Amino acid sequence: MANLIGGTVTEIGADRINTFTSSGTLTVLDGGLVHILAVGAGGGGGILGGGGGGSGEVVDTYVILSPGTYTVTIGAGGAAAPSASGSVGANGSKGGNTTVGVIITAEGGGAGRGFNQAAATNGFSGGGGSSSSTTSAGTTGGAGTTGYPGGIGVYDSPFLVG
């Protein structure tokens with residue numbers, strides 16, 4: 001087992017857990033096998049009938065780390081679309097990647113598409129599609145790079161006919 005410094009340390013029996021909830025540095029004093037669980041941030045949702053953001057990637061793996069210092073970057077959640085009057089139908093933003101050095105990358109989720117927007121963004125899982133005033137089917141979500149694509153939005157007129 002490797003000897004590690006960094007993050008919040010919790011000991012459970014013989015196991016030592018280094019938890020990072022914000023970016024920081026992981027120092028490996030004695031190299032060895034390390035269990036890493038990294039989660040990419042979720043994407044932000046679109047506005048005005050917009051799609052939801054896609055989920056971030058989860059990487060759960062064992063790696064052998066050599067002694068040294070590794071930068072840990074915790075991805076920020078994607079921002080939701082702004083609600084100001086000048087941004088009707090805006091897309092959300094992609095979730096940030098979580099990385100451990102250059103060894104592990106958990107990709108952030110795609111952003112949700114805003115009302116009548118041309119494209120949702122791609123991410124580990126694609127952002128959701130939105131409703132559209134021009135088609136009854138709505139718009140498609142972003143493609144997932146290795147996860148699933150975002151769902152298709154549905155247009156539903158708020159006006160009753162009759």
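Predicted, not measured: the structure shown is a model, and the values here were computed from it. (Residues numbered from 1 in each chain as written. Predicted model: local features only at pLDDT ≥ 70, side-chain atom pairs only at ≥ 80, totals over all residues. Heavy atoms only, no water.)

A. Focus on the environment of E107. When you line up the elements, E107 lands in the segment after β9 (104–106). Sequence spacing of E107 and V58 is 49 residues, and the spatial spacing of their C-alpha atoms is 8.1 Å. (Helix = DSSP H or I, 4+ residues; strand = E, 2+ residues; numbered from the N terminus.)

B. Representation of the sheet that holds strand β8 (residues 98–100) in the model. Pairing is antiparallel across the open sheet formed by five strands, whose spatial order is β1-β4-β7-β8-β9. The open sheet has two edge strands with one neighbour each: β1 (3–5) and β9. Between one strand axis and the next, the sheet turns through 15° on average, direction left out of account. Where strand β7 (residues 68–73) and β8 come together, two bridges link them in antiparallel fashion. Directly across from T73, in β8, lies its bridge partner T99. (Pairing = 2+ DSSP bridges. Axes fitted to C-alpha atoms, helices over the stretch in contact; angles between N-to-C directions.)

C. Fine view of the pairing of strand β3 (residues 15–19). Pairing of strand β2 (residues 8–12) with β3, which is carried by five bridges, proceeds in the antiparallel orientation. Of the residues in β3, the one forming a bridge with I12 is D15. Where β2 hands over to β3, the hairpin turn is made up of two residues, of which G13 adopts a positive phi near 60°.

D. Highlighting the environment of G53. Along the polypeptide, G53 turns up in the loop between β5 (32–39) and β6 (58–65). Along the sequence, G53 and G110 sit 57 residues apart, while their C-alpha atoms lie 5.8 Å from each other.

E. Geometry of a nonpolar patch on the surface. There is a patch of nonpolar side chains on the surface, built from L33, Y62 and I64 and spanning about 380 Å² of accessible area. Within the secondary structure, Y62 sits in strand β6. (Patch = residues over 30% accessible without salt bridge, like charges linked within 9 Å, V, L, I, M, F, W, Y side chains within 5 Å. Areas by Shrake-Rupley, 256 points an atom, 1.4 Å probe, with all protein chains shown as cover. Salt bridge = Lys/Arg side-chain N within 4 Å of Asp/Glu carboxyl O.)

F. View of the layout of surface pockets. The computed volume of the largest pocket comes to approximately 820 Å³. In terms of lining, the largest pocket is formed by 23 residues, of which the most central are I17, N18, H35, I36 and L37. Mapped onto the lining of the largest pocket, the elements with two or more residues apiece are β1, β3, β5 and β8. Here the element with the most residues in the lining of the largest pocket is β5; it accounts for seven residues. Looking at the lining of the largest pocket, its residues break down into 16 nonpolar, five polar and two charged. (1 Å grid on protein atoms, 1.4 Å probe; cavity = no way out; pocket = protein on both sides within 12 Å on 5 of 7 lines; lining within 4 Å. Points joined across faces, edges and corners; volume = space filled by probe spheres on them. Nonpolar A, V, L, I, M, F, W, Y, C, P; charged D, E, K, R; others polar.)

G. Looking closely at the confidence of the model for the protein chain. Of all residues in the protein chain, 65% attain a pLDDT of 70 or more, and the chain-wide mean is 78. Looking over the protein chain, one finds the lowest element-wise mean pLDDT in β1, namely 91, and the highest in β7, namely 96. (pLDDT = per-residue confidence, 0-100.)

H. Geometry of the nonpolar core. Counting 16 residues, the largest nonpolar core has L4, L26, V34, I36, L65 and I104 as its most contacted members. Listed by contribution, the elements that provide at least two residues to this core are β4 (24–30), β5, β6, β7 and β9. In this view, L4 contacts R16, N18, L26, T27, V28 and V34; residues no more than four positions away in its chain are not counted. (Core = buried A, V, L, I, M, F, W, Y, C linked by side-chain atoms within 4.5 Å. Buried < 20%, exposed > 50% of the residue type's maximum accessible area, 1.4 Å probe, protein only. Contact = heavy atoms within 4.5 Å.)

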